[in-house]
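Listed below, chain by chain, are the residues.
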Amino acid sequence: MNLIDGKKVAAEIKQEIAEKVKQIIDNGGKQPHLAAILVGHDGGSETYVAYKIKDCEAVGFKSSLIRYEDDVTEEELLDKVEELNNDDDLDGFIVQLPLPKHISEEKIIEAIDPKKDVDGFHPINVGRMVIGMPSFVSATPYGIVELIKRYNIETSGKNCVVLGRSNIVGRPMSVLMSQKAINATVTVAHSRTANLKEVCANADILIVAMGVPEFVTADMVKEGAVVIDVGTTRIKSDKTKSGWKLKGDVLYEEVAPKCSYITPVPGGVGPMTRTSLLLNTLLSAEKKIYK
C-alpha cells in the first residue's frame, strides 16, 4: 500500500509556483493578486480563508480579504463582485461559500467574470471544462488529477467510480477522469445507486466524495484499487486536544490494507484543494486560460 501524500505534493507545487512568481517579477511583470470575499463568521470559512492568505504569502502572491457581516444585502455583494471584475490589478477572486440564506449563491457565482473565476464554479468555466477547452477547473478535482499524475498512477482504460455527484467535486471529477488525457471509463454512483457495494468493488480507481464519514468499508473495495478520499467531516473525539477529529468518507484502517494507493484524511486531498486555487490564479496571471 502506497500513501498518497497530498501535503508533500502541495509543498512541492507551492515551491514551483514561488519560483514562477519570482521569474515574472524579475522580468518586470505584475505580482499575481488573489482576493477573497468572506461573509459572516462561519468557523470553517474563517479557517479556510486564513489558510488561503498564508498560502498567497508563501508563494509571493498579493492577497486581499474583503469582509462583510451576515446582514450584507445581495445587492451590496453583487456591487462588490462587479467592482472586482473591473479591477485590473486583480487576477482572480473567490466568494467563500456558504453564503447566508437570503443571498442566492447561484446569482453571485454567475456575476463573477469567468476570467477571474479561479474557483472554477462559473457555468462558462464548467462548460469549457466539459468540452475540453482551457478553463479554470474547480480546486478539488484539479488537485486530485494533479495527485494522480504526480504519483504516475495508471488511468488509461481503468474502471473509475466517482461516488458522489456534487457540482463542486463529483460531476467535474467524472468529466476530467473520462477525458483523453486520463482515458478512464467512468461510473458516477450515489446514494440511490442500485447494488452500490458491487459497483464500488468493481472500481480500479474509487474517488469518494459523499460527505458521509467512514461510508466506504473494506467489502466495497477491490484488492489493489486506488482510493481517493475527499471527505472531511469533523466529529467529536476525546483523543485530541481540540476535542474534534477529521474523518474521511473511507474507513481507513479497514480499507487501506487492500489498496495499491490511498489518500489519508487529513493530509491527502485537502492540501491540494488549496494549492489548486494558487495554480488557477497563476494561470490567470499568465493569461493561459483566457488570452
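Quick caveat, the model's predicted, so the values are computed rather than measured. Residue numbers run consecutively from 1 along every chain, following the written order of its sequence. Local features in a predicted model are, by the rule used here, given only for residues with pLDDT of at least 70; side-chain atom pairs are given and counted only at 80 or more, and totals for whole chains, interfaces and linings are based on all residues. Values shown for side chains rest on all heavy atoms present in the structure; no hydrogens or waters enter the calculation.

Some thoughts on the UniProt feature "domain: Tetrahydrofolate dehydrogenase/cyclohydrolase catalytic" (unreviewed entry) in the chain
Let me state the cut-off plainly: UniProt positions are given in the numbering used here, feature names are shortened, and annotations may be inferred rather than shown by experiment. Going along the chain from the N terminus, every DSSP run of H or I of four or more residues is numbered as a helix, and every run of E of two or more is numbered as a strand.
Per the UniProt record, "domain: Tetrahydrofolate dehydrogenase/cyclohydrolase catalytic" (unreviewed entry) is annotated on residues 4–119. Counting secondary structure, residues 4–119 comes out at 49% helix and 16% strand; the distance between its end C-alpha atoms is 24 Å.

Side note on the side chain of Glu 74
The line we're drawing: The buried label applies to any residue whose accessible area, calculated with a 1.4 Å probe on protein chains only, is under 20% of its type's maximum; exposed applies above 50%, and partly exposed to all values in between. In this analysis, two residues are considered to be in contact whenever any of their non-hydrogen atoms come within 4.5 Å of each other.
The topology assignment puts Glu 74 in helix H3 (residues 74–85). Its relative accessible area of 18% is what places Glu 74 among the buried residues. Apart from residues no more than four positions distant in its own chain, Glu 74 is found in contact with His 102, Ile 103, Ser 104, Lys 107 and Ile 108.

Description of the nonpolar core
Quick reminder of the rule: Here, nonpolar core refers to any group of buried Ala, Val, Leu, Ile, Met, Phe, Trp, Tyr and Cys residues whose side-chain atoms link them within 4.5 Å. For the purposes of this description, domain bounds are those given by an automatic or database domain assignment.
Counting 50 residues, the largest nonpolar core has Ile 17, Phe 61, Ile 144, Met 177 and Ile 207 as its most contacted members. If one sorts the elements of this core by residue count, helix H10 (residues 269–285) sits on top with seven residues. When residues are assigned to domains, this core turns out to be shared by domain 1 (28–113) and domain 2 (139–269), each giving three or more. When neighbours within four sequence positions are excluded, Ile 144 is seen to be in contact with Met 173, Ile 207, Ile 228, Val 230 and Val 269. Among the nonpolar cores identified, the runner-up in size contains 18 residues, and Leu 163, Met 220, Val 255 and Ile 262 belong to it.

A word on the sheet that holds strand S4 (residues 92–95)
Strands in a sheet are paired, the pairing made by backbone hydrogen bonds, and the direction either parallel or antiparallel. Quick note on the threshold: Any two strands between which DSSP finds at least two bridges are classified as paired. Helix axes use the C-alpha atoms of the stretch in contact, all axes being lines fitted to C-alpha atoms, and the angles between their N-to-C directions lie in the range 0 to 180 degrees.
Spatially, three strands are ordered S3-S2-S4 in an open sheet, and the strand pairing comes out parallel. In this open sheet, the two edge strands, each paired with only one partner strand, are strand S3 (62–68) and S4. Averaged over all pairs of adjacent strands, the angle between strand axes in this sheet comes to 15°, irrespective of strand direction. Looking at chain direction, strand S2 (residues 33–39) and S4 are connected through four bridges and run parallel. If you follow Ala 35 over to S4, its bridge partner there is Phe 93.

Description of a negative patch on the surface
Rules: A patch is a set of surface residues, each over 30% in relative accessible area and not in a salt bridge, joined within 9 Å for like charges and within 5 Å for the nonpolar side chains Val, Leu, Ile, Met, Phe, Trp and Tyr. Note that accessible areas follow from Shrake-Rupley with a 1.4 Å probe, and for residues the cover is restricted to the protein chains shown. Only one rule defines a salt bridge in this text: a Lys or Arg side-chain nitrogen within 4 Å of an Asp or Glu carboxyl oxygen. His is not counted, nor are the chain ends; Lys and Arg add positive charge and Asp and Glu add negative charge. By convention, the charge on Lys lies at NZ, on Arg at CZ, on Asp at CG and on Glu at CD.
On the surface, Glu 69, Asp 70, Asp 71, Glu 75, Glu 76, Asp 79 and Glu 82 cluster together into a negatively charged patch. Considering the arrangement of structural elements, one finds Asp 71 in the loop between S3 and H3. Residue classification places Asp 71 among the exposed residues on the basis of a relative accessible area of 63%.

Considering the UniProt feature "binding site: NADP(+)" (unreviewed entry) in the chain
As recorded in UniProt, the sites labelled "binding site: NADP(+)" (unreviewed entry) are Gly 164, Arg 165, Ser 166 and Thr 232. Within the element layout of this structure, Arg 165 appears in the loop between strand S5 (159–163) and helix H7 (170–178). Apart from the residues lying within four places of it in its own chain, the contact partners of Arg 165 are Gly 170, Arg 171, Val 188, His 190, Ser 191 and Arg 192. Within the secondary structure, Thr 232 sits in the loop between strand S8 (226–229) and strand S9 (233–236). Residue classification places Thr 232 among the exposed positions, given a relative accessible area of 52%.

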